Amino acid sequence: MPRLHVNIDHVATLRQARQGNLPDPVFAAGLAELAGANGITVHLREDRRHIRERDVRILKETVKTLLNLEISATPEMVKFALEIQPDQVCFVPERREELTTEGGLCVADYADILQSAIPSLKNAGIEVSLFVDPMPEPIEEAARLDADIVELHTGAYANATGKAKETELQRLTTAANYAQEFNLRVNAGHGLDFDNVLPVAQIRHIEELNIGYAIICRSIYIGLDQAVREMQDRILAAAPEDF
Ligand code: PXP
């Protein structure tokens, strides 16, 4: 059964709407952990539209579970990650005009910087993950570059309907098996919600799910504690009977 990492970016999105102090994503991270989150994920975007350096610095001191920092593959971000030393770094593609991360990282395009960044981060004791589409090429590249983990992009699965959803789920399953053959650990995330999480949580080899938007949205109605607990319950439903 995969562990739940709660992405708290959208708590910071709300704060930035007024550019003040509230709501504080650091406070939200503590609440999510108390509700049973197994890790906290934040994406420090180049445009700082939600999470800011201050948040990551404090989270490094306060998160008790595991801190996963998503960054683009740039020297500035790698330097920041090395300074902060989160437990995990996940490299994601980034385009300024996008509303959210749109596709997986085209790993080959970033091979130059990743070739030096991955060993530096690993030598500092940080696990390195690459956010990839569920396809063979980026998985092969991730293995070649000696990443620890691939996070499979579940966005296409989340957006698909009808028969296409089954096809996307199969792609995720095949990709998880393929990554395992290279001894890569497998995470997944993007667009997962209370309805679509179960089949993904049932995929063998997937160890961690990064889920943000759906949990933060529901927390507006029922509170963050309850929203995290409900998501954990949905994931728990994926466990085999004798679990
Ligand atoms: N994983 C990665 C790499 C992401 O970039 C995001 C979005 O920031 C997520 C997971 C979480 O996606 P969502 O907010 O749709 O749950």
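Residues numbered from 1 in each chain as written. Predicted model: local features only at pLDDT ≥ 70, side-chain atom pairs only at ≥ 80, totals over all residues. Heavy atoms only, no water.

Caption draft 1: Geometry of the packing of aromatic side chains. Applying the stated criterion across every chain yields a total of one aromatic pair. Ring centres 5.0 Å apart and planes at 85° place the aromatic pair Tyr178 and Phe182 in the edge-to-face group. Taking relative accessible area as the criterion, Phe182 reaches 33% and is therefore assigned partly exposed. Above the ring of Tyr157, the side-chain terminus of Lys165 is found at 4.6 Å from the ring centroid. Positioned above the aromatic ring of Phe194 is the side chain of Arg218, whose terminal nitrogen or guanidinium carbon lies 3.8 Å from the ring centre. (Phe/Tyr/Trp six-rings, centres within 6.5 Å; stacked < 30°, edge-to-face > 60°. Buried < 20%, exposed > 50% of the residue type's maximum accessible area, 1.4 Å probe, protein only. Lys NZ or Arg CZ within 6 Å of the ring centre and 35° of its normal.)

Caption draft 2: A look at the site of the ligand. Every one of the 14 residues lining the ligand counts as a neighbour, but Thr101, Glu151, Gly191, Gly212 and Tyr213 are closest to it. A distance of 3.5 Å separates an oxygen atom of the ligand from a polar atom in the side chain of Asn7. One of the side-chain nitrogen or oxygen atoms of Glu151 is found 2.5 Å away from a nitrogen atom of the ligand. Contact with the protein chains hides 95% of the accessible area of the ligand, taken as 400 Å² for the molecule alone. Mapping the ligand onto the cavity grids shows that it belongs to the largest pocket. Of the residues that constitute the shell around the ligand, the class distribution is four nonpolar, seven polar and three charged. (Near = heavy atom within 4 Å. Polar contact = N/O pair within 3.5 Å; in protein donor to acceptor, adjacent residues only side chain to side chain. Areas by Shrake-Rupley, 256 points an atom, 1.4 Å probe, with all protein chains shown as cover. 1 Å grid on protein atoms, 1.4 Å probe; cavity = no way out; pocket = protein on both sides within 12 Å on 5 of 7 lines; lining within 4 Å. Sits in = over half its atoms within 2 Å of the grid points. Nonpolar A, V, L, I, M, F, W, Y, C, P; charged D, E, K, R; others polar.)

Caption draft 3: Fine view of the packing of helix H6 (residues 136–144) against helix H8 (residues 163–181). The geometry of H6 relative to H8 is characterised by a closest axis approach of 10 Å and an angle of 25° between their N-to-C directions. Of the possible angle classes, the one that applies to H6 and H8 is roughly parallel. For H6 against H8, the interelement crossing comes out right-handed. Only Ala175, Tyr178 and Ala179 of H8 make contact with H6, whose side of the interface consists of Pro136, Ile139 and Glu140. (Axes fitted to C-alpha atoms, helices over the stretch in contact; angles between N-to-C directions. Helix = DSSP H or I, 4+ residues; strand = E, 2+ residues; numbered from the N terminus. Parallel < 35°, antiparallel > 145°, perpendicular 65-115°, else oblique. Left-handed = near helix turned anticlockwise from the far one by under 90°. Contact = heavy atoms within 4.5 Å.)

Caption draft 4: Region of the structure containing the sheet that holds strand E1 (residues 3–7). Within the closed barrel, the eight strands sit side by side as E1-E2-E3-E4-E5-E6-E7-E8. Their pairing is parallel. Strand-to-strand, the axes of this sheet are offset by a mean angle of 25°, without reference to chain direction. In this structure, strand E7 (residues 185–189) lies alongside strand E8 (residues 206–211), joined through four bridges in parallel fashion. Considered in E8, the bridge of Ala188 is made with Leu209. Relative to the sheet, helix H4 (residues 75–84) contacts strand E3 (67–71) and strand E4 (88–91), its axis offset from that of E3 by approximately 165°. (Pairing = 2+ DSSP bridges.)

Caption draft 5: Quick look at the pairing of strand E6 (residues 149–153). Within E6, five of the five residues are buried, leaving the element largely enclosed by the surrounding structure. Along E6, one buried face is formed by Ile149, Glu151 and His153 and the opposite face, lined by Val150 and Leu152, is buried too. Across five bridges, the pairing between E6 and E7 is parallel. The residue of E7 that forms the bridge with Val150 is Val186.

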